[in-house]
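Per-entry structural report
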Amino acid sequence: MARIPLTQSARVSPASLHPPLRSRAATGTVEVTLLLRHGSPLPTVAELCTNPPRRPLTHEEFEAKYGADPKHLAAVRRFAKSHGLTVTSERRDRCYVVLQGSTAAIRKAFDVDLRRYTYGKTSYLTHTKPVCLPRALKDVAEWVLGLDTRPLVTHNAAALPIPREMARQAGLRTYTAPHVAALYRYPRNLGEGQCVGVIELAGGYKQADLDAYLKAVGVERTAPVVNVGPNKAGILNTASNAEVTMDVELVASVCPAARVVVYNAASKDYSLRDYHRVLAEAISDRENRPSVLSTSWSFYEGALIQPGEELAFERLFVEAALLGITVCAASGDLGSQVPVNARSPTGAITVAATSYPAASALVLGCGGTTLEAVGDVLHHERVWNRLGEAMSMGPSSTAAGASSGGVSTMNALPPYQQGMGVPELVKSSWKNGVFEVSRSTGRGVPDVAANADLHTGYEIVFKGQQGVAAGTSAAAPMWAALIVRLNAALGERVGFLHPRLYALVTEGQPVVRRITLGGNGAYFASDETLWNACTGLGTPDGEALLAGLRRLQRRKH
């Protein structure tokens with residue numbers, strides 16, 4: 001049977017990346033997701049940046065225009081039946097079909113050398129040959145997720161929460177999330193009539209912790225916190241539990257009248273497929289219809305990620321932009337010390353690699369600052385960077401980390417960032433025994449920032465104890481909470497915010513506080529450019545941003 005290989009779907013053998021690595025033929029049942037071509041071509045990222053949607057589509061309008069062609073769904077069913085695979089789910093609106101079958105059947109259906117690799121306690125499926133499709137699926141299926149289940153997704157957290165008393169004894173400043181919102185002059189509403197989604201890959205929060213936290217900060221919620229997917233705060237998932245707990249507590253306290261929906265993938269392998277699945281579920285949720293999403297989970301743009309995989313996620317963020325959903329993502333907590341395999345004689349190196357989805361031009365990348373306030377007055381902010389002064393805060397925590405940022409290797413410089421001071425992308429590669437250097441342009445990360453330093457961290461309640469947590473994992477939900485309040489004040493979704501935000505800054509509107517001091521190792525803030533690769537445009541002045549958006553709103557109408 002004639003086959004068509006999916007472009008750039010081949011894999012480098014992981015055997016050379018993590019020795020000693022055991023490999024064996026894969027057995028058991030495998031589930032994969034086929035991403036199908038949309039009924040009408042989606043607008044490109046560049047087109048959306050140049051001509052943002054004038055109004056958000058409803059889910060019903062999106063499905064009518066972009067939903068999968070019924071003929072394509074039928075073609076996939078025939079393909080599945082002919083290869084002994086079961087269709088476990090199909091969604092016309094999301095343009096995907098989930099197939100399940102034995103490893104042997106999956107291997108034959110996609111002509112792929114599927115193997116299981118084991119490294120310590122980690123076990124995953126992957127392959128080296130390209131994924132191939134029959135000609136009957138040409139122009140029908142665009143990508144296949146699930147044939148590579150390496151744990152590539154991680155949460156951005158420089159440190160576990162530390163006990164509040166320990167933080168006090170160490171002389172650390174701490175703030176409540178509502179206090180930080182007040183320092184950033186968030187619009188004076190409670191998020192009435194809005195819904196915000198919090199994206200989680202694993203772990204969970206305890207309702208008792210959330211109740212105790214809200215009581216401690218003096219906030220009474222009038223809207224529910226809803227779980228879509230399991231909420232399992234298992235004892236083995238301490239770091240993930242802390243991530244979920246902080247995300248939920250920050251958003252829930254800053255927007256007490258907004259519905260909060262926690263979308264949890266309950267992933268066992270931290271794979272790209274699970275991350276894609278939970279994002280798709282949130283974006284296409286017709287019951288809760290969130291207008292803002294926050295995610296603190298990401299994967300590094302490096303040697304192990306294929307452009308086709310990012311394109312699979314870009315489809316989701318195009319859909320979000322068309323639906324008027326703002327997506328906020330943490331930029332990362334490792335500064336310029338991101339571990340990326342360089343395929344060099346020395347193996348892994350650390351570079352200023354960007355994290356995705358913050359690296360998407362359609363996602364609001366959120367970096368971190370160190371915030372100092374005197375009472376209710378914001379006194380000073382600088383780039384968060386503690387990499388050179390890590391200090392022990394307990395048997396398993398260190399107060400380290402820095403705001404990650406840089407230039408994307410896989411996403412083009414968007415029109416709204418042109419002329420904003422995004423530096424050239426300098427890439428080096430190991431080839432024929434020497435390093436080769438090339439220069440190009442790319443999307444600058446992050447767009448904005450918020451308090452993220454554990455030394456000036458957020459007060460939370462975790463495992464029944466008062467604690468302090470931080471990271472760009474806090475900056476993302478804080479920006480999501482701001483946008484919820486902006487939506488409530490404007491009476492409409494701000495949606496894809498970037499073109500308007502950058503335009504307001506370019507016009508000299510004081511909608512952000514520029515950060516001009518500090519750096520993350522590879523990049524530095526200064527007063528010479530409006531944007532930097534540590535904190536983006538800066539931290540928010542919520543009332544000024546609301547006023548600026550209102551002016552643009554009147555201009556549009």
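Up top is the structure these notes are about.
So, a few notes on the structure that sits alongside this text. (Residues numbered from 1 in each chain as written. Predicted model: local features only at pLDDT ≥ 70, side-chain atom pairs only at ≥ 80, totals over all residues. Heavy atoms only, no water.)

**Section: the environment of Asn 411**
We apply this condition: Only DSSP runs of H or I with at least four residues qualify as helices, and only runs of E with at least two residues qualify as strands; both kinds are numbered from the N terminus onward. Working definition: with a 1.4 Å probe on protein chains only, accessible area under 20% of the residue-type maximum means buried, over 50% means exposed, and in between means partly exposed. Pairs of residues are marked as contacts when any of their non-hydrogen atoms sit within 4.5 Å. A 3.5 Å cut-off defines polar contacts: any pair of N or O atoms within that distance qualifies, except that in protein one atom must be a possible hydrogen donor and the other a possible acceptor, and neighbouring residues in sequence count only when both atoms are side-chain atoms.
Mapped onto the elements of the fold, Asn 411 is located in the loop between β24 (406-407) and β25 (425-431). By relative accessible area, Asn 411 is classed as buried at 10%. The sequence separation of Asn 411 and Glu 310 amounts to 101 residues, and the corresponding C-alpha distance is 9.1 Å. In contact with Asn 411, not counting residues within four places along its chain, are Glu 301, Glu 310, Glu 314, Tyr 356, Ala 359, Ser 360, Gly 442 and Arg 443. Polar side-chain contacts of Asn 411 include one of 2.9 Å to the side chain of Glu 310.

**Examining helix α13 (residues 542-556)**
Just so we agree on the cut-off: Helix span is expected to be 1.5 Å times the residue number reduced by one.
Compared with an ideal rise of 1.5 Å per residue, which puts 15 residues at 21 Å, α13 spans 21 Å between its outermost C-alpha atoms and is within 8% of the ideal. Taken as a whole, α13 has its buried residues at Gly 542, Ala 544, Leu 545, Leu 546, Gly 548, Leu 549, Leu 552 and Gln 553. Close packing links the buried residues of α13 with α11 (472-490), α12 (498-506) and β32 (539-540).

**Description of the packing of aromatic side chains**
Here a ring pair, both rings aromatic, is described through the centre-centre distance and the interplanar angle of the planes. Applicable threshold: Aromatic rings from Phe, Tyr and Trp, taking only the six-membered ring of Trp, are treated as a pair when their centres fall within 6.5 Å; an angle between ring planes under 30 degrees marks them as stacked, one over 60 as edge-to-face, and anything in between as tilted.
The tally for this structure, following the rule as stated, stands at 11 aromatic pairs. On the numbers, 6.1 Å between centres and 20° between planes, the contact of Tyr 117 with Tyr 124 is stacked. Ring geometry for Tyr 416 versus Phe 496: centroids 6.4 Å apart, planes at 70°, classification edge-to-face. Here Tyr 416 is found in the loop between β24 and β25, whereas its partner Phe 496 is found in the loop between α11 and α12, with 80 residues between them in sequence.

**As for the pattern of salt bridges**
To keep things clear, this is the line we draw: Between Lys or Arg on one side and Asp or Glu on the other, a salt bridge is scored when a side-chain nitrogen of the former is within 4 Å of a carboxyl oxygen of the latter.
Within the structure shown, the criterion is met by 22 salt bridges. Put simply, Glu 61 and Arg 55 hold a salt bridge, and the shortest N to O gap is 3.0 Å. Of the residues examined, Glu 61 reaches a relative accessible area of 31% and is grouped as partly exposed. A salt bridge links Glu 60 to Arg 286; the nearest nitrogen and oxygen atoms lie 3.8 Å apart.

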